[in-house]
Amino acid sequence: MKTILNVNDESYEVEAALGTSLCDVIRETIGLTGVKKGCDSGGCGMCTVLMDKHPIFSCMTPFWRAENKKILTVEGLADQDRLSKLQESFVQNHAPQCGYCTPAMLLVAKALLDSNPHPTDGEIRSALGGVLCRCTGYNPYVNAIMQAAREPRSK
Amino acid sequence: MVRYNPTVLERPSSINEAAQLLKKWGSKARIVAGNTTIYELANQGGLDDVDTVIDLSKLNLNYITRYDGSLHIGAMTRFVELASSNLTGNDSYFAAKEAAMKLTPPQIRNMATIGGSACSGIPFYDMPVTLLAIDAEFHATSSDEGERTIKAEDFFIDYFVTTLRAEELLTEIVCPNKERSSSSFVKLGRTTIDFALVNAAVNITLEPKRNRMSEVRIALGAVAATPIRAKSAEDFLIGQEPSRENIIKAASLGLDFEPSPSLHASSKYKKRVIPILVRDALFAAVNRVLRT
Amino acid sequence: MSIDTSKTFDIEGVRAVLIGTDFPKPSTEDTPPLAYQEVLYANQGVLAVAAETRVIAEIALEKTEIRYEELPAIFDPDQAMRTDAPVQISHPGEILEAPNVGKHVRVYRGNVTEAFSQADHVIENTFRTAGESHFQLEPLTFLAQADPDGGVTIWGTSSGPHKTQVEVANYLKMDPSLIRVKVGFLGGWFGSKEESHVAAVCAALALKAKRPVKLELSREETLTATGIRHPAVIHIKDGVSDKGKIIARQIRVIYDGGAYGSLSNSLLNNSVIVAAGVYNIPNFELNGYRVYTNRVPGTPKRAPLGYQMTWAVECQMDNLASTLELDPLEFRRLNILRNDDENVLGEIMESISHEKALTEVAKAIEWGKEAEPDEIWSTGKGLAVGVKWGPAGPHQAMVKINPSGRVEVWADLIENGQGIYTGVAQLAATEFGIPIKSVTLVPFIRGSESETTGLSGGASASRQLAAVGKAVILACEDAKRKVADKAAERLHIPPSDLMIKAGKIFSKTSNHSISISDLFTQASVLPSKLATSSFVQGNDFVGFGTVLYELGTIDNATGQPNGPLTPYYVTVAQAAEVAVNKETGKIKVKKIAAAMDVGKAINPELVRHQIIGSVVMGLSAALAEELSFSEGRITNPTLADYKILTASDIPIIQPIIIETPYKGGPYGAKGAGEPSTVPTAAAVRNAIHDAVGVWLNDLPITAEKVLEEMDAHA
């Protein structure tokens, strides 16, 4: 099936078998490999993308479900060379380790701060609940997000 | 094992059209609502001979409205919409919102639908037990038989089995609003993000003129092949005051059966913790009613 | 089994088909690329197909007829060890001392039997740990391409290009120099990518198909068919005096290693190191067994085999303290090893800090101060202390100085999130007095490659900063000497008078100096670009460094090693504060203070983050992770049933760095990636006992087990 997907504000014409997941289409057809496939069963969160601002598991989403929606992946966060506030904070706080979960962490954090600019520690942890991390123990990410939330909106 | 590889995508734009498609394709078709439970099934090889996928997203079944003294939830409403709806503790069906808010992880909350959860027939899911407690009615339609309404106690038949026939489509779930009534939902998991080892939902209604319980519905999930009601506990509370002693007594009565064990919780453990959950759910529901 | 692949190739799009007998007959105890005639564990790979698309490959697998004849199997290590065991698993080249015992080590000192008879109390307990998945978020993936000279290049999730190179060469019976392995960033590791049999399958498919092949294991395959943490059963019997001294300790530990040796036979010594490295015990005996069963093989996972022993020992310590009515902290202090003490292996302890680490973590959670009682939640505090060992083998590095003063580091370094590139760049930068940005870390740019890096064990045993880093420093020193010699010639100053900093060579005593670029000979006949290339200039300023850890082996007859079993010990200690729900048994961990003695923290922030990450992994295994087996088959291969902690389950974690320099390490540093995962489970378990008075001896600690114990002792 052929359709047009809007990813990171760009239109992509894609063609794939009906059973193909959004994750596979983004990675293989469109070529954005920031989305990862950690378990392909909606359990680990590596495949998280934002669909109309909501975090979803792209491995479990048929690609045609993304029609007429806005998909955001990690590649859409930075503005050319300028990292987003969250990305900056992740770097400053040395939050990522192997980096495999980092795209998903950034996206769920962005979704959180966009709807709740001053979350509590508990709210941050709940928002991260669908993203597994084996390296960091989560706390460095929570600190980085808390710090990004405290900073004033950048110009 | 070959993963499922459908070749036809149907995207009906009306309920009639959807019903006709269901009749046409029968078991060679599968409905896609949130695609969450379905995906698990596909991974296990359960959909290998499914050729046609029926996408319901164009049916405008994503709504939450109140009229006729009831809450009407479209079958395609996602948990996130229910979780952020304007239901309050004053509403007798508040537990639906509470269950939606407690559904984890967030990504699934943003994808899964109320209808899909109800139709899954999976006893440890959160929506079925909640809908049973809040006396929900399920509205279904098929092209041959037209519309029918099914009460919650008749809806869940067995593991993976609801009363819906292969050609029937669930369109709406209706939850009645009762005066001086509220509800709550609680669950116990292994970790914070988890399916329920045991879950419970209760709906308490007080008499109009005095603080005695006129209707009590206590539903338990993850303890049998379907969500079930704790009849003994319910019967004990009818006509009683919603006092702490009565609640604790009732909670301990919620055990007139052997809960079925699961991979991660024995029957014995479930028996031990069911009274705790029922007690907590009763306290929450009662407090909500008394606050209004 | 019999596999009929005659029709598989007929399917359009299929390019290569392999079964176990297409590979040379196995000659070691390692997991073969594909099952060789007999399938020894559930989900063992039996057939591999390379095709134009994944769907075609899956159809080909489906349509290939495989017939199995069921043979008797053994799933229980205790049964497996019996002389009348119905199944005897063994592998080529092995001589087993007993049925299914892949390896047995015995260590003893003094006379435990006599000491037990003199003890005031003899306390015996059995402790168990469960199988765990590494669950690094990146599943195993390989890409292989046949090279024009008959060799093959492999990219992918290997933990060390040299290891993979040698092992794949062995599997394929090819010369190792024809196998090229390149490893980039790893999406987490923890020991998961040690085995090379999957890489061998990918390489073989590429050679057969004569096309590049990508092999991605699904999560379920990664979890069920590649190695797990060994489940273990540990019996400890201690004799103690009323005064609080352990006078005798007897340990029997059985590790279920699964169907193949797969690295774990050599790991049994880790158990010994841990049992010997913490406490001062005059009479000691340990018998350790690594047993074969028809289950998925055990492989290294973060502090393998020592982790399990620490659980048992630290649980037992609290049981002992309780019997003696002594404070667990005091009891440990009475028995702990200090520097210059001799341990049961005859080693003199050095650069450890067990007592200090315990004191620090105890202070951090206000040991001794009790919380306010609560109707539903009961709080408690617990401690544990442990050690981790260092690496073995050779580690080589090469350092090249460029005319500009930039320095290139060529070494086998695998970045899997711990920040090794940063750490090693820091070392080189410090050696040369240049900013980190002036260090070219070659594996960062090219990946770690078998052809261009020195030997090393890859990313294992927390060796990279401690051992490879040390080799890098030696290489830097070698390069600096060569530079100094050349500069000495030109400046007519003795080399000992010179120092290197920021691209220049300075005299320490006068103000003579020369820049590195001036030292390179001008080759005017060559194009200017080539003239300044350090490669063209020859090996003038290339330094080499080698660190070799030759460790001893244990002679079961004498019960003693003939050399050190580890180059150093890393002290770790943790204290946990927990709350237990008296109604449901649920455990809430409120705080963990975790101390680790890293010798020298080259990058303190990165060390702190390793502590936090390690603690959470230990906590997840303590409370939630368990591979459930039924007749040898894993029954919970998905995340729905194999639970891993998420952000909402994490307590406050306070990392504490201690530095007792290890003289063989780079600036005194020791390996920091694994140790802090070791004491967590025991600290939590001991805290639970403090809270509700029950002992949990089997991992994981679930609410159900806690409640059951509480009910039993009500």
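Residues numbered from 1 in each chain as written. Chains lettered and ligands numbered in written order. Predicted model: local features only at pLDDT ≥ 70, side-chain atom pairs only at ≥ 80, totals over all residues.

Brief notes about the overall build of chain B
In terms of helices and strands, chain B carries eleven helices and 14 strands. Over its C-alpha atoms chain B spans a radius of gyration of 19 Å, differing by no more than 12% from the 19 Å that the globule rule assigns to 292 residues. Taking all 292 residues of chain B together, 53% fall into the buried category. (Helix = DSSP H or I, 4+ residues; strand = E, 2+ residues; numbered from the N terminus. Rg over C-alpha atoms; globule rule 2.2 N^0.38 Å. Buried ≥ 20, exposed ≤ 12 C-beta atoms within 10 Å, placed from the backbone.)

Quick word on the overall build of chain A
The secondary structure content of chain A amounts to five helices and five strands. The order of α-helices and β-strands along chain A, N terminus first, is β-β-α-β-β-β-α-α-α-α. Taking 15 Å as the expected radius of gyration for a compact globule of 155 residues, we find that chain A reaches 15 Å, a close match to that expectation. Structurally, chain A occupies a C-alpha span of about 45 × 35 × 25 Å along its principal axes. Across the 155 residues in chain A, those meeting the buried criterion constitute 58%. A separation of at least 24 residues holds for 57% of the contacts in chain A among residues at least 6 apart in sequence. (Contact = placed C-beta atoms within 7 Å.)

Some words on unusual backbone geometry
Here the residue pair Thr104 of chain B and Pro105 of chain B is connected by a cis peptide bond, since its omega of -10° sits within 30 degrees of zero. On the secondary structure map, Pro105 of chain B appears in the loop between helix H4 (94-102) and helix H5 (106-109). Residue Pro700 of chain C follows Leu699 of chain C across a cis peptide bond; omega there is -10°. One non-glycine residue, Asp135 of chain B, lies in the positive phi region at around 65°. With respect to the helices and strands, the residue Asp135 of chain B is situated in the loop between helix H7 (126-133) and strand E6 (137-142).

Details of the domain arrangement of chain B
All names here are of chain B. According to the domain assignment, chain B contains domain 1 (8-55), domain 2 (64-176) and domain 3 (181-291). Contacts between the two partners involve 13 residues from domain 1, matched on the other side by 17 residues from domain 2. For the side of domain 1 that touches domain 2, the element with the highest residue contribution is helix H1 (residues 15-25), accounting for six residues. Here the side of domain 1 that touches domain 2 is composed, by residue class, of five nonpolar, seven polar and one charged. (Domains from an automatic or database assignment. Nonpolar A, V, L, I, M, F, W, Y, C, P; charged D, E, K, R; others polar.)

Details of the interface of chain C and chain A
Contact residues are listed per partner, giving 32 residues for chain C and 26 residues for chain A. No other element matches the eight residues that helix H16 (residues 604-623) of chain C contributes to the side of chain C that touches chain A. Classifying every residue of the side of chain C that touches chain A gives 17 nonpolar, twelve polar and three charged.

Brief notes about the interface of chain C and chain B
Listed per partner, the contact involves 19 residues of chain C and 18 residues of chain B. In terms of residue count, the dominant contributor to the side of chain C that touches chain B is helix H1 (residues 54-63) of chain C (four residues). Tallied by class, the residues present in the side of chain C that touches chain B amount to six nonpolar, six polar and seven charged.

A few points about the nonpolar core
Looking at soluble globular proteins, one finds that nonpolar side chains tend to be buried together. In terms of nonpolar packing, the biggest core is built from 369 residues, with Ala200 of chain B together with Cys202, Val361 and Val472 of chain C touching the most fellow members. Looking at this core, the element that brings in the most residues is helix H13 (residues 464-491) of chain C, giving 13 residues. Apart from residues no more than four positions distant in its own chain, Val472 of chain C is found in contact with Ala397, Val399, Val409, Ala411, Val424, Leu427, Ala428 and Gly545 of chain C. (Core = buried A, V, L, I, M, F, W, Y, C linked by C-beta atoms within 7 Å.)

What about the sheet that holds strand E12 (residues 246-256) of chain C?
The strands that make up a sheet pair up through hydrogen bonds in the backbone, lying either parallel or antiparallel. Residues and elements named next belong to chain C. With mixed pairing, the five strands of this open sheet are ordered in space as E5-E13-E12-E11-E6. Taken across any chain shown, the strands that pair with only one partner, and hence form the sheet edges, are strand E5 (101-109) and strand E6 (121-129). The mean angle between the axes of side-by-side strands here comes to 5°, regardless of whether they run parallel or antiparallel. Sheet analysis places strand E11 (residues 232-240) next to E12, joined by nine bridges and oriented antiparallel. The residue bridging Ile234 from the neighbouring strand is Val253, located in E12. (Pairing = 2+ DSSP bridges. Axes fitted to C-alpha atoms, helices over the stretch in contact; angles between N-to-C directions.)

A short note on helix H3 (residues 102-115) of chain A
Relative to the 20 Å expected for 14 residues at 1.5 Å per residue, H3 of chain A spans 20 Å between its end C-alpha atoms, a close match to the ideal helical length. The buried fraction of H3 of chain A is high, at eleven of 14 residues. (Expected span 1.5 Å × (residues − 1).)

Concerning the domain arrangement of chain A
Residue and element names in this part refer to chain A. Taken as a whole, chain A is organised into domain 1 (2-76) and domain 2 (85-150). One C-alpha centre belongs to domain 1, the other to domain 2, and the line joining them spans 21 Å. If you look at the interface, domain 1 gives 14 residues, while domain 2 gives twelve residues. Looking at the side of domain 1 that touches domain 2, the elements with two or more residues in it are strand E3 (48-51) and strand E4 (54-57). At three residues, E3 tops the list of elements feeding residues into the side of domain 1 that touches domain 2. Of the residues belonging to the side of domain 1 that touches domain 2, the class tally is eight nonpolar, four polar and two charged.

Quick word on the sheet that holds strand E10 (residues 169-176) of chain B
All names here are of chain B. A sheet is described by the order of its strands in space; here five strands give the open sequence E4-E5-E10-E6-E7, paired in antiparallel fashion. The open sheet has two free edges, formed respectively by strand E4 (64-67) and strand E7 (146-151), since each of these has just one partner strand. When strand polarity is set aside, the average angle formed by the axes of neighbouring strands in this sheet is 25°. Contacting E6 and E10, H1 crosses the sheet at an angle of about 125° to E10.

Observations regarding the packing of helix H8 (residues 306-324) of chain C against helix H17 (residues 680-692) of chain C
All names here are of chain C. For the pair H8 and H17, the least separation of the axes is 9 Å and the interaxial angle reads 25°. As far as their axial angle goes, H17 and H8 are roughly parallel. Two packed elements cross with a definite hand, and for H8 against H17 that hand is right-handed. On H17, the residues touching Thr310, Trp311, Glu314, Cys315 and Asp318 of H8 are Ala681, Ala682, Arg685, Asn686 and His689. Broken down by class, the residue content of the contact of H8 with H17 amounts to four nonpolar, three polar and three charged. (Parallel < 35°, antiparallel > 145°, perpendicular 65-115°, else oblique. Left-handed = near helix turned anticlockwise from the far one by under 90°.)

So, the pairing of strand E15 (residues 393-401) of chain C
Residue and element names in this part refer to chain C. Counting buried residues along E15, seven of its nine residues qualify, which places the element largely inside the surrounding structure. Sheet topology places E15 next to strand E22 (residues 542-549); eight bridges connect them, and they run antiparallel. Residue pairing in the sheet places Pro394 in a bridge with Leu548 of E22. Bridge count between E15 and strand E16 (residues 407-411): five bridges; the pairing is antiparallel. Bridged to Ile401 within E16 is Val407.

A few points about H1 of chain B
All names here are of chain B. For H1, the set of buried residues is Ala18, Ala19, Leu21 and Leu22. Take H1 and look down its axis: the buried residues cluster within an arc of 160°, on one side only. Contacts from the buried residues of H1 go to strand E1 (8-10), strand E2 (29-32), strand E3 (52-55), E6 and E10. (Arc of directions from axis to C-beta.)

A short note on the pairing of E3 of chain A
Residues and elements named next belong to chain A. Of the two faces of E3, the one holding Thr48 and Leu50 and the one holding Val49 and Met51 are both buried throughout. Bridge analysis of E3 against E4 gives four bridges, and the strand direction is antiparallel. The residue bridging Val49 from the neighbouring strand is Ile56, located in E4. In this sheet, strand E5 (residues 70-72) lies alongside E3 in antiparallel orientation, the contact comprising two bridges. Bridge pairing in E5 places Leu50 opposite Leu72.

Looking at the confidence of the model for chain B
Interpretation of the predicted coordinates at a detailed level should be avoided for regions scoring low in pLDDT. Residue-level pLDDT values for chain B average 94, and 99% of them are 70 or greater. Prediction confidence for the complex, expressed as pTM and ipTM, is 0.96 and 0.96 respectively. (pLDDT = per-residue confidence, 0-100.)

Thoughts on the packing of H8 of chain C against helix H9 (residues 328-335) of chain C
All names here are of chain C. Here H8 crosses H9 at 105°, and the two axes come no closer than 9 Å. In this view, H8 runs roughly perpendicular relative to H9, as classed from their interaxial angle. Contacts from Met317, Asp318, Leu320, Ala321 and Leu324 in H8 reach Pro328, Phe331 and Arg332 in H9. Along the lines of polarity and charge, the residues of the contact of H8 with H9 split into six nonpolar, no polar and two charged.

Thoughts on the environment of Val684 of chain C
Tracing the sequence through the fold places Val684 of chain C in helix H17. Once the C-alpha coordinates of Val684 of chain C and Ile236 of chain C are considered, the two residues, 448 residues apart in sequence, prove to be 20 Å apart.

Topic: the environment of Val213 of chain C
All names here are of chain C. Position of Val213 among the secondary structure elements: in strand E10 (residues 213-216). Separated by 161 residues in the primary sequence, Val213 and Glu52 place their C-alpha atoms 9.4 Å from one another. Discounting chain neighbours no more than four positions away, the residues touching Val213 are Ala50, Ala144, Cys202, Leu205 and Ala206.

Side note on the environment of Trp695 of chain C
All names here are of chain C. Examined against the element boundaries, Trp695 turns out to sit in the loop between H17 and helix H18 (703-712). Considering only alpha carbons, one finds Trp695 and Gln316, 379 residues apart in sequence, at a separation of 9.9 Å. Setting aside chain neighbours within four positions, we find Trp695 in contact with Asn319 and His689.

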